[in-house]
Amino acid sequence: MYASNWNKLGAFGDLGTQALKQMDRSRQARGKMLDRAGYGPQQTPSTVILEQPGLKLHRYQDAPGGGPAVLLVPAPIKRAYIWDLAPDISVVQRWSERGYRVYLAEWLPMPDGDGDVGLDDYGDRMLSACQQAIMEDSGQEQLTIVGHSLGGILAAIYSCTHAERVAATVLLESPLHFEQASCCFSPLVNATPHARGIADAFRHVPGVYLNMMSAMAEPQAFQWERIADRWLSLLDPKALATHMRVERWTHDEFALPGRLFTDIVESLYRNDEFMQGRLDIGGRTIGPRDLRAPLLCVVDFRSKVIPPEAVLPFHEAASSKRKRVLEYQGDVGVNLQHVGVLVGRSAHAAIWPAIFEWLGSPALANASNEGGKRTQPAMTANAGTDTRPSPAAD
């Protein structure tokens, strides 16, 4: 079933490609209807300090006295406002409240003729442009980098290729090791000879195509759990409002450049090159041992989309002298549990405070990996689980 469905969808001619692009436009129109119903994002005011094809860099108002710089890196599939959905569940505001200078990389659809951009462009060239703009804006040569999902892959690539510029790396449910037995996308990847054929058919792979593939690979997470979450949210107005805002966000995808799609499927999902230390980024081969900054990973041990097997081996293999794993245990009202760490009430009550305690005070956040030891928070079942082999990992 996987092979036939994947190949049917991948074998689109011009008519099929246009049909999927029209489906993207229809989904975006439904999203705008949810806007009119009051479920649009309530975003924090920001200033764009860098703009180039496929990217805008936002700077948010500094906390009093300024502070160390943090760069938030979303996945390059849907809009970045999931990090700033509403004031009480805004990751942007949590960082600002802690005294950081907050910057957000907003990925944008690439122009139609510019599909030849891949992992090296997103994880190195474009994030390097963000870092340069941040340095000019803040005067700081180092930053903390935070990525979610595929955005975590980009953040990890940047940390590996520019270790001297990274004060700390925080990866939120980011797939870094692609093990055939545990990866729900493996049957789809194995069903096609090479992703380049699909990328060539589309040039820019429509977001709705990626949604269809995700729903086929893991229907429980992308279909049934969402339905159950809506029912569970009905008696809680705040949970229901968040659920509907995330629903609006799910309709706001955009196409993935063909080469980026190919790199993700082939270099990562099929060949696991990053974990194996064989990922080619601009002529340099990188792997987990190139990541030397303090490293914190958030894992949902229940997840089949990003199972712990996709995170923990990379975490353990990284060269970071300070490491921490926190466990996210889910929320009601998040629509997709995969984004719960960004928008869930328990995540904002427990996970994010634990992250900030691990980082230490903003005055220490730019300390080097060899800097003074920071006090670790006492973890609770809700705040997360320290799964380090021993306290020496600190």
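Everything here concerns the structure above.
Residues numbered from 1 in each chain as written. Predicted model: local features only at pLDDT ≥ 70, side-chain atom pairs only at ≥ 80, totals over all residues. Heavy atoms only, no water.

A. A look at helix 11 (residues 258-270). The buried count for helix 11 comes to 12 of 13 residues, which makes it a mostly enclosed element. For helix 11, the set of buried residues is Gly258, Arg259, Leu260, Phe261, Thr262, Asp263, Ile264, Val265, Glu266, Ser267, Leu268 and Tyr269. Immediately downstream of helix 11, the backbone of Asp272 shows phi near 50 degrees, a positive value. (Buried < 20%, exposed > 50% of the residue type's maximum accessible area, 1.4 Å probe, protein only. Helix = DSSP H or I, 4+ residues; strand = E, 2+ residues; numbered from the N terminus.)

B. Spatial organisation of the sheet that holds strand 5 (residues 143-148). Across the sheet, 8 strands lie side by side as 1-2-4-3-5-6-11-12; this open sheet has mixed pairing. Edge positions in the sheet fall to strand 1 (46-52) and strand 12 (323-327), since each has one partner strand and no second. Adjacent strand axes in the sheet meet at a mean angle of 20 degrees, parallel and antiparallel pairs treated alike. For strand 3 (residues 69-73) and strand 5, the ladder comprises 4 bridges, and the chain directions are parallel. Across the sheet, Val73 pairs through a bridge with Gly147, a residue of strand 5. Running at roughly 150 degrees to strand 5, helix 5 (residues 150-161) makes contact with strand 3, strand 4 (101-107), strand 5 and strand 6 (166-172) of the sheet. (Pairing = 2+ DSSP bridges. Axes fitted to C-alpha atoms, helices over the stretch in contact; angles between N-to-C directions. Contact = heavy atoms within 4.5 Å.)

C. Representation of the pairing of strand 12 in the model. The buried fraction of strand 12 is high, at 5 of 5 residues. Burial of strand 12 is two-sided: the residues Lys323, Val325 and Glu327 facing one way and the residues Arg324 and Leu326 facing the other way are all buried. Here strand 11 (residues 295-299) pairs with strand 12 via 5 bridges, running parallel. Looking at strand 12, one finds that Cys297 is bridged to Val325. Note that the unit made of strand 11, helix 12 (residues 312-317) and strand 12 has a crossover that is right-handed. (Right-handed = clockwise from strand over helix to strand, strands pointing away.)

D. The arrangement of the side chain of Asp263 in detail. Tracing the backbone shows Asp263 in helix 11. Dropping the residues within four chain positions of it, Asp263 is found in contact with Gly118, Leu119 and Leu268.

E. Representation of the pattern of salt bridges. Scanning the model with the defined rule gives 19 salt bridges in all. Across the pair Arg125 and Asp121 runs a salt bridge whose closest N-O atoms are separated by 2.9 Å. Within this pair, Arg125 and its partner Asp121 are both found in helix 4 (residues 119-138), separated by 4 residues, close to a single helical turn. For Asp121, a relative accessible area of 12% gives the class buried. The structure contains a network of salt bridges with shared partners spanning Asp116, Asp120, Asp121, Arg125, Arg259 and Asp263. (Salt bridge = Lys/Arg side-chain N within 4 Å of Asp/Glu carboxyl O.)

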